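# Reading the structure
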Amino acid sequence: MNKKNNASKVILAILLFVFILLPEKIILAEENLSKSNQTTDISEQYLKESEKTTALNLCNHLLTRQFNALITGNDVETRDIFYESDNTILYNQFLRWRIKQSQVMHTSWSSYDYNLLNVDYVKDAENILIHGSFNLKYTYTNGLEGRQDNINFDARVKSVDNNYLIESFNIDEVMFDDFISTLNYENVIDMDVTNHKVKNININDINTVVDNMLMQIELTNELVSQEPNIIQPPLLKTRASQYSYNSANGVAYANEYAYSNNPCFYTAAGDGGDCTNFISQCIWAAYGGWNPGDSITTMTNNINNRVRMMPSTTLSNWFGHQYGAGTPWESVNDLWNFATLNSGTGPRASGSNNNSVYKNLVAFAISSGDVLQVKRSGDAKYRHSVYVIFSSPKFSDDYNNIIVAQHSKNTTRALSDLISGWGGADCYMRKLTFNSAQFDK
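Residues numbered from 1 in each chain as written. Predicted model: local features only at pLDDT ≥ 70, side-chain atom pairs only at ≥ 80, totals over all residues. Heavy atoms only, no water.

### Some remarks on the overall build of the chain
How we decide: Each helix is a run of H or I in the DSSP string that is no shorter than four residues. Each strand is a run of E no shorter than two, and both are numbered from the N terminus. When a residue's accessible area, from a 1.4 Å probe over protein chains only, is under 20% of the maximum for its type it is buried; when over 50% it is exposed; and in between it is partly exposed. Note on definitions: a residue-residue contact is assigned when non-hydrogen atoms from the two residues lie within 4.5 Å. Only the protein chains shown count as covering a residue, and every accessible area follows the Shrake-Rupley method with a 1.4 Å probe.
The secondary structure content of the chain amounts to eleven helices and 17 strands. In the chain, which comprises 441 residues, the proportion classed as buried is 49%. Within the chain, residue pairs in contact and separated by at least 24 positions form 67% of the contacts whose partners lie at least 6 positions apart. Counting only carbon and sulfur atoms, one obtains 49% of the accessible surface of the chain, whose full area is about 20,900 Å².

As structure tokens, then:
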């Protein structure tokens, strides 16, 4: 009898827990979760419209002063908008380099226009985190234009004595990207390669390194050009159909897709980015794989049929499509090696000024449709490719009258800006000039 009573009590206790106590615990947990969500919502709502306006105005003030200084040549005043930190010290050094660089290389602006695309805000304790993007278009004093779309910026705005100041500011504008890459090359900063963000800054050395960067730009005026070395492609050994290289087609394609990616091709990521993938697309267009006005359907068919490409049977071939590409299509150095050594089907080019300072390649020798590749003198390999979309130099070192298009970052700009961003007098630059070539289709 006692055993039955004990068993009954156990069953009763289980039922009591399942039907009464457990639901109460679930309800209590839900209430706590609801309160937690309410706390988060209240925290997010705590960011007042006036705070958003203040944070955005600070960013606008910084960008406006920066862009105006590229017109006037004056120093950028930031003491009233910056809170001193490693990051703002870094950005002030960039501004110092950028304004001086534009004066020495004759790439000052006469006008500019930038418009915000979107802005997001997050409250972080007493700080405001702001993320936004904008398009930028500018005119050089010689009348030529540069442009970059969808420039992202991130700022941390700090509350200081009932006032707000910018504690950190990062931007993926192309000249800032070149500046940061040079500092990384000089081991002054550590980069988070995955997110392309600065992790650590050696504040003690940054001023000396930037001084040296400016000296290298000044030294460009003292460089004396020498006759560049020239590599001619070997004689053809195949008998496929031959096609001419129409630079106007390549330039039209570059102008069409310089600021955004063609959805018919994949976008290369990782170290090196999308630069040579984009350049090969321009070369493909110049050989007739694309014509102005082509629809997505026409492009897709040409790509799928490997028109003005090589078969995708091996990665050593020159081809690209929506899912990937061969190494000569997407690699800076493999494109050079393939085009200058090719005796079969695929693009063929003469190469000049390999492993030499940029000034040996006089501006008069650079034409629309050429491909330029750059590195710093200490680099073992060339790092970046650009496509020449306009060239009208008035004298031998008139590189600011040459406009190039590139990806990673997607932009068009004066060649002088590219040279200064890649070391000034320390910049090595070589050229590919494409010839008629044979293709199966």
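### Here we look at helix α6 (residues 247-257)
We count it as follows: Throughout this description, a polar contact denotes any pair of N or O atoms lying within 3.5 Å of each other; where both atoms belong to protein, one of them has to be capable of donating a hydrogen while the other can accept it, and for residues adjacent in sequence the pair is counted only when both atoms sit in side chains.
For α6, the set of buried residues is Asn249, Gly250, Val251, Tyr253, Ala254 and Tyr257. If you check the start of α6, you find a side-chain oxygen 3.1 Å away from the backbone N of Ala248, and it comes from Asn246.

### Some details on the pattern of salt bridges
Note the cut-off: Take a side-chain nitrogen of Lys or Arg and a carboxyl oxygen of Asp or Glu: if they are within 4 Å of each other, that pair is a salt bridge.
This structure, assessed with the given rule, holds twelve salt bridges. Linking Lys123 and Glu51 is a salt bridge whose minimum nitrogen-to-oxygen distance equals 3.2 Å. In this pair, Lys123 is assigned in strand β1 (residues 109-124) and Glu51 in helix α2 (residues 49-72), connecting sequence segments 72 residues apart. Each member of the pair, Lys123 as well as Glu51, carries the same accessibility label: buried.

### Regarding the packing of aromatic side chains
The condition is simple: Centres within 6.5 Å make a pair out of two Phe, Tyr or Trp rings, where for Trp the six-membered ring is used; the pair is then stacked when the planes are under 30 degrees apart, edge-to-face when over 60, and tilted otherwise. Throughout this description, the term charge over a ring refers to an Arg CZ or Lys NZ atom that lies within 6 Å of the ring centre and within 35 degrees of the ring normal.
Under the defined criterion, the tally for this structure stands at 30 aromatic pairs. Here the basic side chain of Arg147 rests over the ring of Tyr259, its NZ or CZ set 3.7 Å away from the ring centre.

### Topic: the environment of Thr139
Within the secondary structure, Thr139 is located in strand β2 (residues 127-140). A residue is classified by how much of its surface remains accessible, and Thr139, at 16% relative accessible area, is buried. For the pair formed by Thr139 and Ser108, sequence separation is 31 residues and the distance between their alpha carbons is 8.7 Å. Among all residues touching Thr139, those that are not within four sequence positions of it are Trp109, Ser110, Ser111, Leu144 and Glu145.

### Considerations on the environment of Leu415
Within the fold, Leu415 resides in helix α11 (residues 415-421). Leu415 sits 24 residues away from Ser391 along the chain, and the two C-alpha atoms are 9.6 Å apart. What Leu415 contacts, discounting residues up to four positions off in sequence, is Ile366, Leu372, Tyr399, Ile402, Val404 and Met429.

### Observations concerning the side chain of Asn333
Mapped onto the fold, Asn333 is located in helix α10 (residues 332-341). Leaving out residues up to four positions away in the same chain, Asn333 has contacts with Lys381, Tyr382 and Arg430.

### Points about unusual backbone geometry
With omega at 0 degrees, the peptide bond leading from Ser408 into Lys409 counts as cis. Structurally, Lys409 can be placed in the loop between β14 (402-406) and β15 (411-414). Phi is positive for Ser408, close to 60 degrees, though the residue is something other than glycine. Mapped onto the secondary structure, Ser408 falls in the loop between β14 and β15.

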